[in-house]
Amino acid sequence: MLQTLKTYFGYDSFRPLQREIIENILALKDSVVLMPTGGGKSICYQLPALLMEGTAIVVSPLISLMKDQVESLRANGIAARAMNSNNNDTENLMLRRECVQGKVKILYISPERLLMEQNFLLKDMRISLFAIDEAHCISQWGHDFRPEYTQLKAIREQFPQVPIVALTATADKITRQDIIKQLALKNPKTYISSFDRPNLSLDVRRGYQQKDKTRTILEFIFKRPNECGIIYCMSRDKTEKVAEMLLRHGVKATVYHAGLSASARDKAQEDFINDRVQVVCATIAFGMGIDKSNVRWVIHYNMPKSIESFYQEIGRAGRDGVKSDTLLFYSLGDLVMLSKFALDSGQQAINLEKLNRMQQYAESDICRRRILLNYFGETMDHDCGNCDVCKNPPERFDGTIIVQKALSAIMRADQQIGTRMLIAILRGNFIDELVEKGYDKLKTFGAGRDIPQRDWQDYLLQMLNLGYFEVAYNENNHLKITSAGAKVLYGQEKAMLVVIKREEKETKGRGKKKEAEKPALFKAHPDIIVGEEDQLLFEELRLLRKRLADQQAIPAYIVLSDKTLHQLAIQRPTTLEEFGMVSGIGEYKKERYGKDFVETIKQIIGK
Ligand code: ADP
Ligand code: ZN
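Anyway, here's the lowdown on the structure attached to this text.

The rules behind each value
- Residues numbered from 1 in each chain as written.
- Chains lettered and ligands numbered in written order.
- Predicted model: local features only at pLDDT ≥ 70, side-chain atom pairs only at ≥ 80, totals over all residues.
- Heavy atoms only, no water.
- Salt bridge = Lys/Arg side-chain N within 4 Å of Asp/Glu carboxyl O.
- Helix = DSSP H or I, 4+ residues; strand = E, 2+ residues; numbered from the N terminus.
- Buried < 20%, exposed > 50% of the residue type's maximum accessible area, 1.4 Å probe, protein only.
- Donors = N, O, S within 2.8 Å, 3.2 Å for Na, K, Ca; no water.
- Tetrahedral: all angles 85-135°; square planar, octahedral: opposite > 155°, others 65-115°.
- Pairing = 2+ DSSP bridges.
- Axes fitted to C-alpha atoms, helices over the stretch in contact; angles between N-to-C directions.
- Contact = heavy atoms within 4.5 Å.

According to the stated counting rule, one finds 36 salt bridges in the structure shown. Asp458 serves as the salt-bridge partner of Arg206, at 2.8 Å between the closest nitrogen and oxygen. Of this pair, Arg206 sits in strand β9 (residues 204-206) while Asp458 sits in helix α21 (residues 453-465), and the two are 252 residues apart along the sequence. Among the residues examined, Asp458 registers a relative accessible area of 3% and is labelled buried. Put simply, Asp388 and Arg368 hold a salt bridge, and the shortest N to O gap is 2.7 Å. You can see Asp388 sitting in helix α17 (residues 388-391) and its partner Arg368 sitting in helix α16 (residues 368-375), a full 20 residues away along the chain. Connected through salt bridges with shared partners, the residues Asp212, Arg215, Glu219 and Arg454 form a single ionic network.

Another aspect to go through is the coordination of the zinc ion (ligand 2). Taken together, the protein donors to the zinc ion (ligand 2) comprise Cys367 (SG), Cys384 (SG), Cys387 (SG) and Cys390 (SG), at separations of 2.3 to 2.4 Å. Taken together, the 4 donor atoms coordinating the zinc ion (ligand 2) and their angles of 101 to 120° define a geometry best described as tetrahedral. Read from N- to C-terminus, the donor residues coordinating the zinc ion (ligand 2) fall into the pattern C-x16-C-x2-C-x2-C. One end of the pair, Cys367, is in the loop between α15 (348-363) and α16; the other, Cys387, is in the loop between α16 and α17, and 20 residues separate them in sequence. Given a relative accessible area of 2%, Cys367 falls into the buried group. You can call Cys387 buried: its relative accessible area is 0%.

Taken in spatial order, the 7 strands make up an open sheet running β3-β4-β2-β5-β6-β1-β7, and their pairing is parallel. Each edge of the open sheet carries a strand with a single partner, namely β3 (80-83) and β7 (189-192). Adjacent strand axes in the sheet meet at a mean angle of 20°, parallel and antiparallel pairs treated alike. Where strand β1 (residues 31-34) lies against strand β6 (residues 164-168), 4 bridges are found, and the strand directions are parallel. By the bridge assignment for β6, Val33 is matched with Leu167. The strands that helix α2 (residues 18-26) touches are β1, β5 (127-132), β6 and β7; relative to β7, the one it contacts most, it runs at about 160°.

By themselves, these figures tell us nothing about what the structure is for.
Put into structure tokens, the structure is as follows:
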């Protein structure tokens, strides 16, 4: 098994559970595999496919996913093919012949096609195993229900001796039981791996206004000149505005949302996969078909409605295991909007609870990863060291006077104002509506002038979370003081607020800090790259990879993953043998690309 892993995929060891799963399949037993995105599910059926006689049939719901998988297998010299509605008749004819002759090791097929073929092609083939990818699509409880999947039960009856493995990244229990039942699996073994993604950093910024978001996003992207990422926004309109803003600043960006034509969406996706654009500004419609392993970051322009959505979306970064960054903006406006959606939805109680958990995550003053994993039913016994809370634990101060100023302004305006008006009163801004209502005559008018507007946004969000006031969603979002708030207002209790730290203040004179933190993180997760990397060399290797990819019209990450590319810039192999030892390079890639890479490395390091 290890030999095959090294020869074809270039890896030296298995990830947790991979070996057990493969052994179960080789013993011709059924399996259910739950692993997070990027956990390494594919190897679990691809490796046994190589070790067993016959063809492995992989059922996959999306043509784009199939295409990506087939390309990366072929890039490793493995006979993989896809059968779906994209093929024309001649292609299908040839493909059927190859299948019957046993020349195909792994055949990807859409569920509807599989059902069409079950009494014809499949009968004439020797089948080693069935892998059902994205198996949660079979369940009506899941978020991607596909009716075609429910008929897959037929394969268990028709091919009783062939092992079936069902794989998904969706963890919940109902879905898991549904998968077993619907596929009629025989005493399947279930494998659940940790949902932790240690290579993803977690960062939350609270109470930012648009201007601050723009500045932060631009700084973030300029710090990562060649790294691509996704910005998720709540509305279609926002995706377009953010993309325009980026284009104005010279960042190659595109838009993806359900309001675009199918061809515009395909183009956006293709441009992103092939590194022709650096950033996709998207609604939640984007992502399911994306297997791009080198998405280096994900930004949430707005807060998602639940931790599931959030985790799925940030999960699109760093599938190759290389360190990747995620950033969530969390504002009062988002919260008001999302609460409204939840209240108007059919499942009010559930959706409010989900939103509440998401909010707790964003508000957390303990390690954020602990909160995430806890939500998925895992407990973590240490802080992660890779989230903003771990890196910069929040400091509190006595903010009673600040809170009193705000609450007293609300009170004096008869609790008939929303946050925008409240901030205008506190800051002493003579806006029309404010003067009309006579709020400029209030005693608190201008009482908070010393605090910048954006800090007021932050403090108000903190106050809401501390329960000092509520938002009356059914009354124009006016603010209502609670009994806890009244206690602070009348001096019976103190209010402890979190010190606001802005990026600019943080980075000054602390440039080295990040470096110092690296070792602990890497020690805990040996899978993450260690060593001194030659930056210049890395960029040259990246260019070479892009050239090789364009020649073959495949995405760059299929030629070599980012992880392997980093490894090359660290190990700097100057012979074919050394090149072949690098993790992620199997025999086929060694033969195909070794010479080009070794030569470039020699040139750059001057050997
Ligand atoms: P999933 O389908 O679970 O999202 P993939 O199968 O695409 O994940 O694997 C994610 C990444 O991890 C791929 O780049 C894959 O090559 C890599 N990978 C898988 N197994 C191993 C291993 N044993 N050692 C090193 N890298 C691995
Ligand atoms: Zn942490």
